Amino acid sequence: MITVMGILHRCIMGTLPWVPEPLMRRLSSRYIAGETLPQALDVIGTNASRGFAGVLDILGEGIEDEAAAREALAAYKQAATELGAAGLDCYVSVKPTHFGLSISPALARDLYAELAEHCRGLGQTMRVEMEDHPTTDATLSLFHSLREQFDHVGIVLQSRLLRTPDDIQALGSEAMDVRMVKGIYLEPESVAHCDRGLIQDAYVQCCRQLWSAGHRVALATHDGPLAERCLAVANELELTPDRLEFEVLLGVQEALWKRWQQAEHKVRVYVPYGPEWRSYSERRLRKNPEILGHVMRNLLR
Ligand SMILES: Cc1cc2nc3c(=O)[nH]c(=O)nc-3n(C[C@H](O)[C@H](O)[C@H](O)COP(=O)(O)OP(=O)(O)OC[C@H]3O[C@@H](n4cnc5c(N)ncnc54)[C@H](O)[C@@H]3O)c2cc1C
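Residues numbered from 1 in each chain as written. Predicted model: local features only at pLDDT ≥ 70, side-chain atom pairs only at ≥ 80, totals over all residues. Heavy atoms only, no water.

Colleague: Help me out: how do you make sense of the packing of helix H4 (residues 66-85) against helix H5 (residues 105-122) in this one?
Modeller: Helix packing for two helices is described by the angle between their axes and how far apart those axes are. Where H4 contacts H5, the axes come no closer than 10 Å and their chain directions differ by 10°. In terms of their interaxial angle, H4 and H5 are classed as roughly parallel. Viewed along their axes, H4 and H5 form a crossing whose handedness is right-handed. Here H4 contributes Glu-66, Ala-69, Arg-70, Leu-73, Tyr-76, Lys-77, Ala-80 and Thr-81 to the contact with H5, which in turn contributes Leu-107, Leu-111, Glu-114, Leu-115, His-118, Cys-119 and Leu-122. Counted by class, the contact of H4 with H5 contains nine nonpolar, two polar and four charged residues. (Axes fitted to C-alpha atoms, helices over the stretch in contact; angles between N-to-C directions. Helix = DSSP H or I, 4+ residues; strand = E, 2+ residues; numbered from the N terminus. Parallel < 35°, antiparallel > 145°, perpendicular 65-115°, else oblique. Left-handed = near helix turned anticlockwise from the far one by under 90°. Contact = heavy atoms within 4.5 Å. Nonpolar A, V, L, I, M, F, W, Y, C, P; charged D, E, K, R; others polar.)

Laid out in C-alpha cells, this is it:
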C-alpha cells in the first residue's frame, strides 16, 4: 500500500543527488568523522578523553573489483597501526562486501585473514560486520573459517532475522564476541520480523541465548527501554561486567552513552570515516527510510 510517508520518502530520495555538497556535509558531519584517518583519530581521541572507547569503520561497501578491495585492506591496516601507535582502545570493524565478498568469498576471507594477522600483532581485536540477508550465509561461513585460525575476531548478529537463534546455536561452545543489533536493512517478511515489538523481543531473547551459551555481547542499540530489558536479563544471569558492553553510533543519543557510562558499563563509540561518505550516506538512506526520520528529528532537537 502506498502511504503519504512512502510518497514523501520517494520525493526526498529523488532529490538526494541534487542536495548541494555543503548541505549534505552538514547533515552527515554529526555522524561521520570526516574523510581522512587523522580526522577519525581526532574524534576517537576526543571520545577517549571523555572515557569512551572506540570502533573504527572505513566507509565503503559493495566493492566490485579486487584492486579496490585490496586498497580497503591497506587502509584498514594503516588505521589499525595508527590506533595502536596512539594507544587508543579502539578496534576496526569491516563490512564483508568492502573486502569483496560479492565478487569472491575466498578473496574476502583472505583479506580478513591478513587484517586479523595484522591486528593480532598489535594486540587488537576486530569484527566482521553483517550486511543484508542475501550475504548472511557467506558472512557466517567466512567468520567460522576465520575463527579456526583467530580467536580475536568477533561477529555481528541481527535480531530482525528469523534465522538468528539458529545462527547463535551454530556458534558452538567456544566463547565468542558478538555485537547484537536490530539490523539496519529492511528485509522481507519471509526472512525477518517486520514489527518493531517483535524485533525488540527477539533482541532480548537473542541476548539471553548468547549469554546463556557463554558468549560476550556488545549491545549496539540506542533504544533505551530495550537496553533496560537486556540489562535485567544480564542481572538475572549474574553476568560479570566483562560479558557485556554498549556500542553506539557517533552523534546518536549521547545522553544514553553518559547514562550507561555512569552505571559503570563500558561504552564504545562507532566512528565511521572515509572519502566515500556521500555515496555511503545516500545508499543508507535509500535502504532504510527510518534513518532519514532519525536524522531530521536529531537536527530539530
Ligand atoms: C555500533 C553499531 C554498529 C552497528 N553495526 C551494524 C551492522 O553491522 N549491521 C547492521 O545491520 N546494523 C548495524 N547497526 C545498526 C542497527 O542494526 C540499527 O539499525 C540501529 O542501531 C538503529 O536501531 P536501534 O536499536 O538504535 O533502535 P531505533 O529504535 O532504531 O533507534 C532508537 C533511537 O536512536 C536514534 N537513532 C538510531 N539510529 C540512528 C541513525 N542511524 N541516525 C540517527 N539517529 C539514530 C533515533 O533517535 C531513534 O529514535 C549498528 C548499530 C550500532 C549502534
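Colleague: Which parts of the structure should I look at to understand the site of the ligand?
Modeller: In the neighbourhood of the ligand, 25 residues make up the surrounding shell, with Lys-182, Gly-183, Arg-196, Thr-221 and His-222 lying closest. Contact distances for the ligand include 2.9 Å between an oxygen atom and a side-chain N or O atom of Gln-158. Here an oxygen atom of the ligand and a backbone polar atom of Ile-184 are 2.9 Å apart. Calculation on the ligand without its partners gives an accessible area of 920 Å², and the protein chains cover 90% of this total. Only strand S4 (153-158), strand S5 (177-181), strand S7 (244-249) and helix H12 (290-300) provide two or more residues apiece to the shell around the ligand. Per-class residue counts for the shell around the ligand are twelve nonpolar, seven polar and six charged. (Near = heavy atom within 4 Å. Polar contact = N/O pair within 3.5 Å; in protein donor to acceptor, adjacent residues only side chain to side chain. Areas by Shrake-Rupley, 256 points an atom, 1.4 Å probe, with all protein chains shown as cover.)

Colleague: What am I meant to see in the sheet that holds strand S3 (residues 126-128) here?
Modeller: In a beta sheet, neighbouring strands pair by backbone hydrogen bonds and run either parallel or antiparallel. What the eight strands build is a closed barrel, ordered S1-S2-S3-S4-S5-S6-S7-S8; its pairing is parallel. The mean inter-strand angle of the sheet, taken between neighbouring strand axes irrespective of direction, is 30°. As paired elements, S3 and S4 share three bridges and run parallel to each other. Looking at S4, one finds that Arg-127 is bridged to Gly-154. In this fold helix H6 (residues 136-147) packs onto S3 and S4, with an angle of close to 155° to the strand it touches most, S4. (Pairing = 2+ DSSP bridges.)

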